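Examining the three-dimensional arrangement
Given next are the chains, with one letter for each unit.
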Amino acid sequence: MGELRLMKGNEAIAEAAIRAGCDAYFGYPITPQSEIIEYLAAEETHKRTGMVLLQAESEIAAINMVYGAASTGKKVMTSSSSPGISLKQEGISYIAGAELPCLIVNVVRGGPGLGTIQPSQADYFQATKGGGHGDYRLIVLAPASVQEMSDFVKLAFDLAFKYRNPAMILSDGMIGQMMEKVELFDPVPRNTEFDQSWVITGKTADRERNIITSLHLESASMEKHNQELQKKYIQMQEQEVRIEKIQCEDAEFLFVAYGSSARICQKAVDLARAEGIKTGLLRPQTLFPFPTKEIEKMAGQVKGILTVELSMGQMVEDVRLAVNGKIKVEFYGRAGGMIPTPEEVLKAMKQKIIGG
Amino acid sequence: MEIKDIIKEENLVYSKTKLLTDTTLTYCPGCGHGVAHRLLMEVIEEMNIREDTIGISPVGCSVFAYDFMDIDMAQAAHGRAPAVATGIKRCWPDKFVFTYQGDGDLAAIGTAETIHACNRGENFTIIFINNGIYGMTGGQMAPTTLPGMKSSTTPFGRDVSLMGNPIKITELVAQLPGTYFVSRQAVHKPANVRKAKKAIRTAFEVQQQKKGLSFVEIVSNCNSNWKMTPIQSNQWMEENMFPYYPIGDIKIEGKLIKTN
């Protein structure tokens, strides 16, 4: 068994990054995720593992530092919260276009605009549909516990390098700030060898020069690059979908929720079952790739689906696409940092799905 | 005597550096970029550091610098080259890293990245090509466009009461303790070419010594967008650009020697 600790979600991300062999972190403070950079600074990562830590002058600079460091094959990350993630979008688009692996953490707060520092899930569209300009996708992981905040750091780096694609952990202010027991994985040594086929570490005599760019001025070349990227995204959809199903075996009604919302729905499932209503929960752990097939399959079993989000309804669109009109799909959500209770969510299930 | 009799090893007085590819330059005939590229590659070849050198190309006319420079390179988002270079150099402190940026990239959209990289004293080299205009997008006003100078967005000349004064970013970064060597050069005449090359060499030696940021501005022309012949543009540059952007070293070994 790994080391057990009581930690904040944000601290778990930071500790996991060090243990995952992360080479560099570049970031800019923003609530509710500043504990990540603070934890790394307190750990003196340069002494502990040699990990570079730099507080950049802006989120824009930080993501471009990530672009540079990732170009050299290093395991590199940044973290921010919603307004800061918006600032990073240009850089994320370049990173996706240039096919660089990296980890971006978004501890989501309410928006739009400067919004609130309270938890939210309103960045789902931005995270899963691209976010910046152009046709691209991030690998998006949605932790629902402090344990997953830690575990998904390692998973995100593995997937990012497997596909040479940026990976995002889409968390929220609630999981970032809350404390839970976490079992930490054993430290992974930092990479000392690099796949020289694409990295820029200086052109040696035994290979052609490497170029990291997202520029394809010729239309045919740009289209070909887009097609290559799509192949990657399709492969992710086929191979990387991850979900958790809770009490789904005999369920007649289904909640679909991720992250903090899923925790609330899990309790609502228990409350419903105490009343004799057979509900279950399908929790996507990957938001891209989205568990379309898994939800489609459940649509053949249950009578209706309630999607619950801390937003005005974003993931529900993907759930509806998966269900494709077969059964009723409704939405319940709160916004701006307002958190629904399990009772409230169950009431919505009864009104919109069971009674509707 | 025929030409084949002349082409002999002992008669060779000049050859193109191996670090420039044979790709035809996309720059307009008469532009200073080609000479600046050559000097940079010559310095890297002469210092024998290609295996440890990583370059960053900007957005602007030199966006395709990696097509011409036969070294490992990354292309950066507009203005962000100093941040990209920071990311690389922090992870690889023993490598040589340079950015190659124009005036719009470095002194307008990328001002924050430029100033903060200089202020942190990042150990890389910034090569700054200042021709006072946006070349690639077709001759719009740059942050370094001179007062009264015409561009496609200042068709009646830059009115400083409306558009502000041209920014002397090189003097500005020279004030920061993080910069160790700051110089302004030109590449329009053989004597200037030699001095510019010396400045670039010094800049890379500063990296070797890990003394801080080295910054070399090259005041250049843009005959196409200035709407002049190459010769006219070089004369205009001497008469108008040099008084505002004086040529010479500004900071040596961390000490300001000229305040302009």
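Residues numbered from 1 in each chain as written. Chains lettered and ligands numbered in written order. Predicted model: local features only at pLDDT ≥ 70, side-chain atom pairs only at ≥ 80, totals over all residues.

What about the domain arrangement of chain A?
Residue and element names in this part refer to chain A. Here the domain parsing of chain A yields domain 1 (3-201 + 228-238) and domain 2 (243-354). Its C-alpha centre places domain 1 at a distance of 27 Å from the equivalent point of domain 2. Taken together, the contact between domain 1 and domain 2 spans 26 residues of the former and 22 residues of the latter. Elements that contribute at least two residues to the side of domain 1 that touches domain 2 include exactly α6 (124-128), β6 (139-141), β7 (166-172), α8 (173-177) and α9 (219-239). Looking at the side of domain 1 that touches domain 2, the element that brings in the most residues is α6, giving four residues. (Domains from an automatic or database assignment. Contact = placed C-beta atoms within 7 Å. Helix = DSSP H or I, 4+ residues; strand = E, 2+ residues; numbered from the N terminus.)

Notes on helix α10 (residues 259-274) of chain A
Residues and elements named next belong to chain A. The end-to-end C-alpha separation of α10 is 24 Å, in line with the 22 Å expected for 16 residues at 1.5 Å each. When we look at burial in α10, the residues that qualify are G259, S260, S261, A262, I264, C265, A268, V269 and A272. At the C-terminal side of α10, G276 shows a positive phi close to 90°. (Expected span 1.5 Å × (residues − 1). Buried ≥ 20, exposed ≤ 12 C-beta atoms within 10 Å, placed from the backbone.)

Things to note about the sheet that holds strand β4 (residues 125-130) of chain B
Across the sheet, which stays open at both edges, the nine strands sit in the order β9(A)-β2(B)-β1(B)-β3(B)-β4(B)-β8(B)-β7(B)-β9(B)-β10(B) with mixed pairing between neighbours. The outermost strands of the open sheet, each flanked by one partner alone, are β9 (211-212) of chain A together with β10 (255-256) of chain B. Sheet strands in contact with helix α4 (residues 81-91) of chain B are β1 (53-57), β2 (72-75), β3 (96-102) and β4 of chain B, and its direction is about 175° off that of β3 of chain B. (Pairing = 2+ DSSP bridges. Axes fitted to C-alpha atoms, helices over the stretch in contact; angles between N-to-C directions.)

Overview of the environment of G97 of chain A
Residues and elements named next belong to chain A. In this fold, G97 is placed in helix α5 (residues 82-97). G97 sits in the buried class, given 22 other C-beta atoms within 10 Å. Expressed as a C-alpha distance, the spacing of G97 and I212, which sit 115 residues apart in the sequence, is 9.6 Å. In this view, G97 contacts G134, Y136 and S214; residues no more than four positions away in its chain are not counted.

Overview of the interface of chain B and chain A
The partner chain A presents 32 residues to the 29 residues of chain B that form the contact. Every element with two or more residues in the side of chain B that touches chain A is listed here: β1, β2, α4 and α6 (111-120) of chain B. Ranked by the residues each element gives to the side of chain B that touches chain A, the list is headed by α4 of chain B, at eight residues. Here the side of chain B that touches chain A is built from residues that sort into 15 nonpolar, five polar and nine charged. (Nonpolar A, V, L, I, M, F, W, Y, C, P; charged D, E, K, R; others polar.)

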